[in-house]
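Descriptive structure summary
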Amino acid sequence: ALPISALELRSHRARDAVTWLARCAWVPVPALLCAHVLLPESPLSAAKVPWAMLARHEGALRQSRTLVLANSVAHAVNWSTGRTDMVILGDPSEFDNELGNAAEQSRLVPHARLEAAMGDWIERGAVAMVVDAGTAEAVAKAHREWVLEQETVRDLGVLVLAKPAR
């Protein structure tokens, strides 16, 4: 607070409005320079800042036949992969207008139907999931033999599944 106070005091000694305004503009600069130290990224939810995790799995997310997403990361995955053919798992939330259409209902899968849908998806090809960590762990445990990639960071999980080639 001391450097800010010193800057404020200096601004009050200005003799004209332009000098006063220029000096006042510098008052928040020391606090802004320290913000990255004062507000670390670690307490943030991985679902709110998924970029590093998505970059690590970008190839699998782009190439999978079926892309299953939690609504909280759907926009981020769409942005990083360019895919729009995603399946939303659970609550449609902000997608309720689009997924409310009869033609789009197949893209919304409630948690209760996940196991049944997983069998259909895996028959068609690789399945990539970006969902909450608990769901990713449960699916990986149930289908251990199909897991190709798995990563969990705090509250977010990425899971890639495919049947082995025969």
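The structure this text deals with has already been given above.
Structural notes, computed from the coordinates. All values reported here derive from a predicted model rather than from experimental measurement.

As a further point, take the overall build of the chain. Counting secondary structure elements, the chain contains nine helices and six strands. If you sum the accessible surface of the chain, you get close to 10200 Å²; carbon and sulfur atoms cover 59% of it.

Let us now look at the pairing of strand E1 (residues 66–70). The buried count for E1 comes to five of five residues, which makes it a mostly enclosed element. Covered by surrounding structure in E1 are Thr-66, Val-68 and Ala-70 together with Leu-67 and Leu-69, the residues of both alternating faces. Pairing of E1 with strand E4 (residues 127–132) involves four bridges; the strand directions are parallel. If you follow Leu-67 over to E4, its bridge partner there is Ala-128.

Our next topic: the pattern of salt bridges. Scanning all chains against the criterion turns up four salt bridges. Between Lys-163 and Glu-123 there is a salt bridge, with its nearest N and O atoms 2.4 Å apart. Taken together, the positions of Lys-163 in the segment after strand E6 (156–161) and Glu-123 in helix H8 (residues 114–124) put the pair 40 residues apart, joining distant regions of the chain. For Lys-163, a relative accessible area of 33% translates into the label partly exposed.

Despite not being glycine, Arg-154 shows a phi value in the positive range, around 50 degrees. Residue position: Arg-154 is located in the loop between strand E5 (147–153) and E6. Here Arg-154 falls in the partly exposed class, since its relative accessible area comes to 49%.

Along the polypeptide, Asn-71 turns up in the loop between E1 and helix H6 (74–81). On the basis of relative accessibility, which here comes to 19%, the residue Asn-71 falls in the buried class. Asn-71 has contacts with Ile-88, Leu-89, Asp-91, Pro-92, Ser-93 and Phe-95, leaving out every residue within four places of it along the chain.

All right, on to the sheet that holds E6 then. Judged by pairing direction, the sheet is mixed, and its six strands sit side by side in the order E3-E2-E1-E4-E6-E5 without closing on themselves. A strand with exactly one partner marks an edge of an open sheet, and here the two such strands are strand E3 (108–109) and E5. Lying on the sheet, H8 is in contact with E1, strand E2 (86–89), E3, E4 and E6; it crosses E4 at an angle near 155 degrees. Lying on the sheet, helix H9 (residues 133–142) is in contact with E2, E4, E5 and E6; it crosses E4 at an angle near 140 degrees.

Cut-off values and rules
- Residues numbered from 1 in each chain as written.
- Predicted model: local features only at pLDDT ≥ 70, side-chain atom pairs only at ≥ 80, totals over all residues.
- Heavy atoms only, no water.
- Helix = DSSP H or I, 4+ residues; strand = E, 2+ residues; numbered from the N terminus.
- Areas by Shrake-Rupley, 256 points an atom, 1.4 Å probe, with all protein chains shown as cover.
- Buried < 20%, exposed > 50% of the residue type's maximum accessible area, 1.4 Å probe, protein only.
- Pairing = 2+ DSSP bridges.
- Salt bridge = Lys/Arg side-chain N within 4 Å of Asp/Glu carboxyl O.
- Contact = heavy atoms within 4.5 Å.
- Axes fitted to C-alpha atoms, helices over the stretch in contact; angles between N-to-C directions.

By themselves, these observations are geometric and do not establish any function.
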